[in-house]
Amino acid sequence: MTTSPQTASFQAQAASPISAAGFAPIDRAARQDSGQIVNAMSVDVEDYFQVQAFARTVARDRWDEFERRVELNTDRVLQIFADANVSATFFCLGWVAERYPQLIRRIADQGHEVASHGWAHHLVTSQTPEEFREDIRRTRGFLEDLSGQQVTGYRAATFSIGRTNLWAFDALAAEGYRYSSSIFPVHHDLYGMPEAPHGPFRPRAGEAFVEFPMCTVEALGRTIPCSGGGYFRLMPYAAFNWAVRRLHSDSKRPCIFYFHPWEIDPDQPRVPGLSMKGKFRHYLNLDRMEPRLKRLLADFRWDRMDRVFGSFLSN
C-alpha cells in the first residue's frame, strides 16, 4: 500500500521527540477578573459501558447487548442545565448519535455546542493516522448533518493525545476542526502529558488550531487536577471549589469542567468482571454527583467552550 506524503509527514512527527518547548502558549484573552470569570462546561456523551475502565471487559462488538441509558441520562443533564440557565459543549460519540439522532438535535436546539468525541471511543493511541482521520471526518460530518451546526471542537477518548501522537493535531486541523480539549497535563496510568502547557496553546506555532488542556493547580508541591470527572467525585466538594478559585486567582483563566451523563446515574447496571480499581474509579460517589454538580453550577459562572474561548478562535 502506498503511503501518502501527508501521512508520511504525520508519522515522522509522531516518531520524532516533540516537547512542550515546541508549543506556542497563548497568554492572552479569556483572562478576567476572578469574580467575572466565565468557565467552560462540557459533557462527554457516552454510555456507562463505553468507558475505558471497562475496555478489557466489554468489547465494542458487545455494546448493543447492554441496556442503553445515555439518552435518558443526557436528557436529565439538559434539564439540569436548563434549570441553572447554563449552556455547555457536548462532545458526542458518533455511535451514540447514530442510535439517538433526536438527542443530538435536542442538544443543539437547546442552545448548546455540539462537538466531536470520535465515533466509537477508540483511543487515538490505538489508531493509525489514516484511521484517525477517517474517524474524525465521519463523526464531524454526521454530527453536523444532525445538529445543523458547524462542528469545530474535538475531545479525544480518555485524553489520548500526548507526546507520542501529536500528529493528531495536524489531522484535526486538516479535517476542519478549530480546537481540541484532549490533553491532561498530569501523570496518570491511562493518560497524561505533564510537560504540556497548563493553559491554551497552539500545537503548531503560526497556525490557528488551539488546544485547550484540562485544568490543574499547584499546591503543596503537587499538580492537582481540577477539571471534573472522577476527580470531582473523589475530592470533597469544598476542596474542588477551592481548586477552581485557586485556578482563577493564579492564572485568571477559566476552568474547563467535564463529566459524563452516566455519572449522574447511580442506578446504572453493574458490569461484572471489573478489577477493584475499575470499580472504584467508575462507581465512586455516583449518588453524590448530581447534587454536587448543581452546587457547582450555582457557585460559578458557566458557558459553552466556543464562547468562553471565542477570542482564541477568532484568529
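What counts, and where the lines are drawn
- Residues numbered from 1 in each chain as written.
- Predicted model: local features only at pLDDT ≥ 70, side-chain atom pairs only at ≥ 80, totals over all residues.
- Heavy atoms only, no water.
- Pairing = 2+ DSSP bridges.
- Helix = DSSP H or I, 4+ residues; strand = E, 2+ residues; numbered from the N terminus.
- Salt bridge = Lys/Arg side-chain N within 4 Å of Asp/Glu carboxyl O.
- Buried < 20%, exposed > 50% of the residue type's maximum accessible area, 1.4 Å probe, protein only.
- Phe/Tyr/Trp six-rings, centres within 6.5 Å; stacked < 30°, edge-to-face > 60°.
- Lys NZ or Arg CZ within 6 Å of the ring centre and 35° of its normal.
- Lys, Arg positive; Asp, Glu negative; His and termini not counted.
- Polar contact = N/O pair within 3.5 Å; in protein donor to acceptor, adjacent residues only side chain to side chain.
- Contact = heavy atoms within 4.5 Å.

Focus: the pairing of strand β10 (residues 222-225)
Piece 1. Where strand β9 (residues 216-219) and β10 come together, four bridges link them in antiparallel fashion. Looking at the pairing, V217 lines up with I224 of β10.
Piece 2. The antiparallel hairpin formed by β9 and β10 contains two residues in its connecting segment, where L220 sits at a positive phi of about 55 degrees.

Considering the pattern of salt bridges
Piece 1. Applying the stated criterion across every chain yields a total of 20 salt bridges.
Piece 2. In this structure, R133 engages E175 in a salt bridge whose closest nitrogen and oxygen atoms are separated by 2.6 Å. Of this pair, R133 sits in helix α5 (residues 129-147) while E175 sits in the loop between α6 (167-174) and β6 (179-180), and the two are 42 residues apart along the sequence.
Piece 3. Overall, R133 belongs to the buried group, its relative accessible area being 14%.
Piece 4. Look at E175 and you get buried, because its relative accessible area is 12%.
Piece 5. The partner of D306 in a salt bridge is R304, and the shortest N-O contact between them spans 2.8 Å.
Piece 6. Note on R304: relative accessible area 12%, which makes it buried.
Piece 7. Taken together, the salt bridges that share partners define one network made up of D64, R68, E98 and R99.

Observations concerning the packing of aromatic side chains
Piece 1. In total, this model carries 27 aromatic pairs according to the counting rule given.
Piece 2. For the ring pair F159 and Y258, a centre distance of 5.2 Å and an interplane angle of 85 degrees mean the geometry is edge-to-face. Linking F159 in the loop between β5 (153-154) and α6 with Y258 in strand β11 (residues 256-259), this pair joins segments that are 99 residues apart in sequence.
Piece 3. Geometrically, the ring pair formed by F232 and F257 is edge-to-face, given 4.9 Å between the ring centres and 85 degrees between the ring planes. With F232 in helix α7 (residues 229-234) and F257 in strand β11, this residue pair connects regions lying 25 residues apart in the sequence.
Piece 4. Look at F257 and you get buried, because its relative accessible area is 0%.
Piece 5. Cluster of aromatic residues (ring-pair linked, three or more members): F81, F90, F232, Y237, F240, F257, F259, F300 and W302.
Piece 6. Of note, R138 hangs over the ring of W119, and the distance from its end group to the ring centre comes to 3.6 Å.
Piece 7. The cationic tip of R140 hangs over the ring face of Y177; the distance from NZ or CZ to the ring centre is 5.7 Å.

Details of the side chain of E46
Piece 1. By secondary structure assignment, the location of E46 is in the loop between β2 (38-45) and α2 (70-84).
Piece 2. Although E46 is buried, it makes no salt bridge; R155 carries the closest opposite charge, 8.6 Å away.
Piece 3. A polar contact of 3.1 Å, which involves the side chain of E46, links it to the side chain of H121.
Piece 4. The contact partners of E46, leaving out residues within four places of it in the chain, are V51, V70, L93, V96, H117, H121, H260, P261 and W262.

The analysis is restricted to geometry; functional conclusions fall outside its scope.
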